[in-house]
Amino acid sequence: MAKKIILRGNPGVGPPVEGEAIVSEEGFSARYDYDRYRGVISRESHMLYGQSIVGKIAVFKTSKGGVATSWMMLDMVERGTCPAGFIFGRTNPVMVQGAVLANVALMHDLDLDPVQTIRTGDYVKMIPEEGIVEVTRVS
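Quick notes on the rules
Numbering of residues begins from 1 in every chain and follows the order in which that chain's sequence is written. Reporting of local features is limited, given that this is a predicted model, to residues whose pLDDT is at least 70; pairs of side-chain atoms are given and counted only at 80 or more, and all residues count toward the totals for whole chains, interfaces and linings. Note: side-chain values were computed over all heavy atoms of the structure, leaving out hydrogens and water. Residues grouped as a nonpolar core are buried Ala, Val, Leu, Ile, Met, Phe, Trp, Tyr and Cys residues, joined through side-chain atoms within 4.5 Å. Each residue's exposure class comes from its accessible area (1.4 Å probe, protein chains only) as a fraction of the maximum for that residue type: buried when under 20%, exposed when over 50%, partly exposed otherwise. Only DSSP runs of H or I with at least four residues qualify as helices, and only runs of E with at least two residues qualify as strands; both kinds are numbered from the N terminus onward. Note on contacts: a residue pair is in contact if any heavy atoms of the two residues lie within 4.5 Å. In what follows, salt bridge is the name for a side-chain nitrogen of Lys or Arg lying within 4 Å of a carboxyl oxygen of Asp or Glu. When DSSP locates at least two bridges between a pair of strands, those strands are taken to pair. The crossover handedness rule: strands pointing away from the viewer, path from first strand over the helix to second strand clockwise, crossover right-handed. Lines fitted to C-alpha atoms define the axes here, with helix axes fitted over just the stretch in contact, and angles between the N-to-C directions of these axes take values from 0 to 180 degrees. Here is the rule for handedness: rotate from the far helix to the near one, and if that takes an anticlockwise turn smaller than a right angle the crossing is left-handed, while a clockwise turn gives right-handed. Note on residue categories: nonpolar means Ala, Val, Leu, Ile, Met, Phe, Trp, Tyr, Cys or Pro, charged means Asp, Glu, Lys or Arg, and polar means any other residue, Gly included. One less than the number of residues in a helix, times 1.5 Å, gives the span that helix is expected to have.

> Quick question: what am I supposed to make of the nonpolar core here?
Nonpolar side chains tend toward joint burial in soluble globular proteins. Residues F28, F60, M73 and F86 are the most contacted members of the largest nonpolar core, which totals 21 residues. Put simply, the parts of the chain that give this core at least two residues each are β6 (57-64), α1 (68-79), β7 (85-90) and α2 (93-102). With four residues, α1 is the single largest residue contributor to this core. Once residues within four sequence positions are removed from consideration, F86 is found in contact with F28, A58, F60, M73, M76, V104, A105, L106, M107 and M126. Grouped together as the second largest cluster of nonpolar side chains are 17 residues, I5, L7, V133 and V135 included.

> I would appreciate a short explanation of the pattern of salt bridges in the present structure.
Note that side chains of opposite charge can pair when their charged atoms are close. If you walk through the whole model with that rule in mind, you get nine salt bridges. R36 serves as the salt-bridge partner of D75, at 2.6 Å between the closest nitrogen and oxygen. Residue D75 is located in helix α1, and its partner R36 is located in the loop between β4 (34-35) and β5 (40-41); the two are separated by 39 residues in the primary sequence. The pair D75 / R36 is uniform in exposure class, with both members buried. Taken together, the salt bridges that share partners define one network made up of E26, D33, R43 and K64.

> I tried to follow the pairing of β7 on my own but got confused; where do I start?
Every other side chain in a regular strand lies on the same face of the sheet, so the side chains alternate between the two faces. Counting buried positions along β7 yields five of six residues, so the element is predominantly enclosed. Across five bridges, β6 lies against β7 in parallel orientation. If you follow V59 over to β7, its bridge partner there is I87. Crossover β6 to β7 through α1 is right-handed. As paired strands, β7 and strand β8 (residues 105-108) are joined by four bridges and run parallel to one another.

> Just to check I follow, could you spell out the packing of α1 against α2 for this structure?
Describing two packed helices takes the angle between their axes plus the distance from one axis to the other. Remark: α1 packs on α2, axes separated minimally by 8 Å, with the N-to-C direction vectors making an angle of 35 degrees. Crossing hand, α1 versus α2: right-handed. Within the contact between the two elements, α1 uses T69, S70, W71, M73, L74 and V77 and α2 uses V94, M95, Q97, G98, A99, L101 and A102. Among the residues making up the contact of α1 with α2, the classes are represented as nine nonpolar, four polar and no charged.

> Help me understand α1 in this model?
Given 3.6 residues per helical turn, the α-helix brings residues three or four places apart onto the same face. Relative to the 16 Å expected for 12 residues at 1.5 Å per residue, α1 spans 16 Å between its end C-alpha atoms, a close match to the ideal helical length. Every buried residue belonging to α1 is among A68, T69, S70, M72, M73, D75 and M76, and all of these are buried. Where α1 is buried, its residues meet β4, β6, β7 and α2. Just past α1, the residue G80 takes up positive phi, approximately 75 degrees.

Here you go:
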């Protein structure tokens, strides 16, 4: 039987998206943690090392990074190596700027901790404009 969990927060950015979740208790840097040519986490010490986040709903504890994040996110979209959307426990203005520039769904600061609530493999629907994340868990 499928279980549905709803997370709510302030409106995010980007279009509504859905897909399989991949979750990390670590942060995410488009520059230092990700190989945007291959679409995999590339920092060897990252818990998702070697795993693809392409087309998935990527859930991270926090965002990391500076000004390069914006153009790197746009480059990820143009290369077809971007996640369908990002959900962060907390993010920073530069990551939001990158999501707006690249038209990527991004949400953060939800009423339930997304890293503790969402599991890798869950099916997630993000509706950023409404501040809603719907999680479907089959198990």
